[in-house]
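Below, each chain spelled out in residue letters.
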Amino acid sequence: MSYIEIKNINKSHYNKRNKKRAPDDSTKIGFIQVLDNIDLSFEEGEMVCILGPSGCGKSTLLNIIAGFDTAYDGEVIINDKKVKHASSNHIFVFQQNGLLPWMTVWENMELGLRNIQDTEVKNERIMEYIELVELNGFEDHLPSSLSGGMQRRAELARALAVKPDILYLDEPFTGLDYLTHLKIREEVVNIHEYIGKTMIMVTHFIEDALIMADRIIILSERPGRVLMTRKLDFPRPRNINKDRGLSELRDEIFLMLGVSYVA
Ligand SMILES: Nc1ncnc2c1ncn2[C@@H]1O[C@H](COP(=O)(O)OP(=O)(O)OP(=O)(O)O)[C@@H](O)[C@H]1O
Ligand SMILES: [Mg+2]
């Protein structure tokens, strides 16, 4: 059995616009279908990237797997247990800012490590990850006094410091400048290699998925269905421009997502 199993997930959101769009509109009145029969499985330690058009239900799916959203049809099973709520071993990096604005960087990180009793161990862990994302000197800053990119880095440090069994990442590089994006992406790849934990990442960036993933899943437009799932056996470190197989796959994915002029 796989580590994470997702069986027949269907999800609708309540739609305040209580009318059919057309006479043959099959949407249940009052509801908008977001996910259509999603069946997936994830291996332990796997890094999977989920791609798909905006609004197709990627964040919804990730929230369901992580146990934040329980109003759906179907089943999510992790390690043989049905997911009924979020777990402190499974950390989520949100699409929007997830740092607590009234707490400093240090306090935000402490919060994630509240289960560690030994203060020295806890402090060492916080410093290790602050250094990893190069935020030394900003420990006592509130999020509002950091740039957008620094806030994302602090958030990633907070998530990684917990050494979670599963890391859910919803567009983790949003708001980072190009170079920081590349740097942090490399860092996440290295960390994944080093800690070997399961990571499920939602992204808009096809290049990120190609560089990072062990497997790519592509969802269709809403209601999201699985269009493609592809294992990536390309050697690492990966370079799309130097690896013909990777650049061909990139073109194939662009075409699948309706962008033909790039390919
Ligand atoms: N709380 C909600 N109430 C009603 N509809 C919602 C709610 N949350 C999301 N939706 C709808 O569900 C659909 C999927 O939303 P979701 O946030 O999962 O998309 P997404 O694929 O993550 O998009 P993006 O790439 O833009 O982040 C959207 O059409 C959105 O309008
Ligand atoms: Mg989203």
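Residues numbered from 1 in each chain as written. Chains lettered and ligands numbered in written order. Predicted model: local features only at pLDDT ≥ 70, side-chain atom pairs only at ≥ 80, totals over all residues.

Considering the overall build of the protein
How we decide: Under the scheme used here, helices are H or I runs from DSSP no shorter than 4 residues and strands are E runs no shorter than 2 residues, and both carry numbers assigned from the N terminus. Atoms counted for the radius of gyration: C-alpha only. Globule rule: 2.2 Å times residue count to the power 0.38. Around each residue's C-beta, the other C-beta atoms within 10 Å are counted; 20 or more make the residue buried, 12 or fewer make it exposed, and counts in between make it partly exposed. All C-beta atoms are placed from the backbone. Contacts are defined on C-beta atoms placed from the backbone: any two residues whose C-beta positions lie within 7 Å are in contact.
What the protein contains, in helices and strands, is seven helices and 10 strands. For the protein, the C-alpha radius of gyration of 19 Å lies close to 18 Å, the compact-globule estimate for 263 residues. Here the C-alpha coordinates of the protein stretch approximately 65 × 45 × 40 Å along the principal axes. Here the protein holds 263 residues, and the buried ones make up 34% of them. In the protein, 68% of the contacts between residues at least 6 apart in sequence involve partners at least 24 apart.

Quick look at the site of ligand 1
Test applied: Using the backbone to place each C-beta atom, any residue with that atom within 6 Å of a molecule or strand is considered near it. Ten residue types, Ala, Val, Leu, Ile, Met, Phe, Trp, Tyr, Cys and Pro, are classed as nonpolar, four, Asp, Glu, Lys and Arg, as charged, and the remainder, Gly among them, as polar.
For ligand 1, the full set of nearby residues is His13, Val34, Gly52, Ser54, Gly55, Cys56, Gly57, Lys58, Ser59, Thr60, Gln95 and Arg222. Take the shell around ligand 1: its biggest share by element is three residues, from helix α1 (residues 58-65). Along the lines of polarity and charge, the residues of the shell around ligand 1 split into two nonpolar, eight polar and two charged.

Some words on the packing of helix α2 (residues 105-112) against helix α4 (residues 148-161)
Rules: Every angle, taken between N-to-C directions, lies between 0 and 180 degrees, and every axis is a line fitted to C-alpha atoms, over only the stretch in contact when it is a helix. Roughly parallel covers angles under 35 degrees, roughly antiparallel covers those over 145, roughly perpendicular covers 65 to 115, and oblique covers all other angles. Two helices that cross are described as forming a left-handed crossing if the nearer one is turned anticlockwise from the farther one by less than a right angle, and a right-handed crossing if clockwise.
Where α2 contacts α4, the two axes come as close as 8 Å, and the packing angle between them is 25°. What the angle tells us is that α2 and α4 run roughly parallel. With respect to the hand of their crossing, α2 and α4 are arranged in right-handed fashion. Residues Val105, Asn108, Met109 and Gly112 of α2 form the contact with α4, whose own contacting residues are Ala154, Ala157, Arg158 and Ala161.

Observations concerning the environment of Glu46
Residue placement: Glu46 occurs in the loop between β2 (31-42) and β3 (47-51). Measuring from C-alpha to C-alpha, the distance between Glu46 and Arg215 comes to 7.8 Å, with 169 residues separating the pair along the chain. Not counting the four nearest positions on each side in its chain, Glu46 is found in contact with Thr198, Asp214 and Arg215.

Concerning the nonpolar core
Our working definition: One nonpolar core equals one set of buried Ala, Val, Leu, Ile, Met, Phe, Trp, Tyr and Cys residues connected by C-beta atoms within 7 Å.
Cys49, Ile65, Ala157, Tyr168 and Ile200 are the most contacted members of the largest nonpolar core, which totals 63 residues. No other element matches α4, which puts six residues into this core. Contact partners of Tyr168, with chain neighbours within four places excluded, come to Leu62, Ile65, Ala66, His90, Phe92, Val93 and Ile200.

Quick notes on unusual backbone geometry
Glycine aside, the phi torsion of most residues is negative, and most peptide linkages are trans. For the bond from Arg222 to Pro223, the omega torsion is 0°, close enough to zero to count as cis. Cis geometry marks the peptide bond from Arg236 to Pro237; its omega dihedral reads -5°. For Pro237, the position within the fold is in the loop between β10 (226-231) and α7 (244-256).

Quick notes on the packing of α2 against helix α3 (residues 119-132)
Remark: α2 packs on α3, axes separated minimally by 10 Å, with the N-to-C direction vectors making an angle of 120°. As far as their axial angle goes, α3 and α2 are oblique. The element α2 and its partner α3 pack so that their crossing is right-handed. Mapping the contact onto sequence places Trp106, Met109 and Glu110 in α2 and Lys122, Ile126 and Tyr129 in α3. For the contact of α2 with α3, the residue count by class is four nonpolar, no polar and two charged.

Here's the deal with α3
Heads up, the condition is: By definition here, a helix of n residues has an expected span of 1.5 Å times n minus one. In this description, the arc belongs to the directions extending from the helix axis to the C-beta atoms.
For α3, built from 14 residues, the straight-helix expectation of 20 Å at 1.5 Å per residue is met to within 8% by its first-to-last C-alpha distance of 20 Å. Those residues of α3 that fall on the buried side of the exposure criterion are Ile126, Tyr129 and Ile130. Down the axis of α3, the sector holding all buried residues measures 105°, keeping them to one side. In this structure, α3 carries Glu120, Val121, Glu124, Glu128 and Glu131 as exposed residues pointing more than 90 degrees from its buried face. At its buried positions, α3 is contacted by α2 and α4. Positioned one or two residues after α3, Glu134 has a phi angle of 55°, which is positive.

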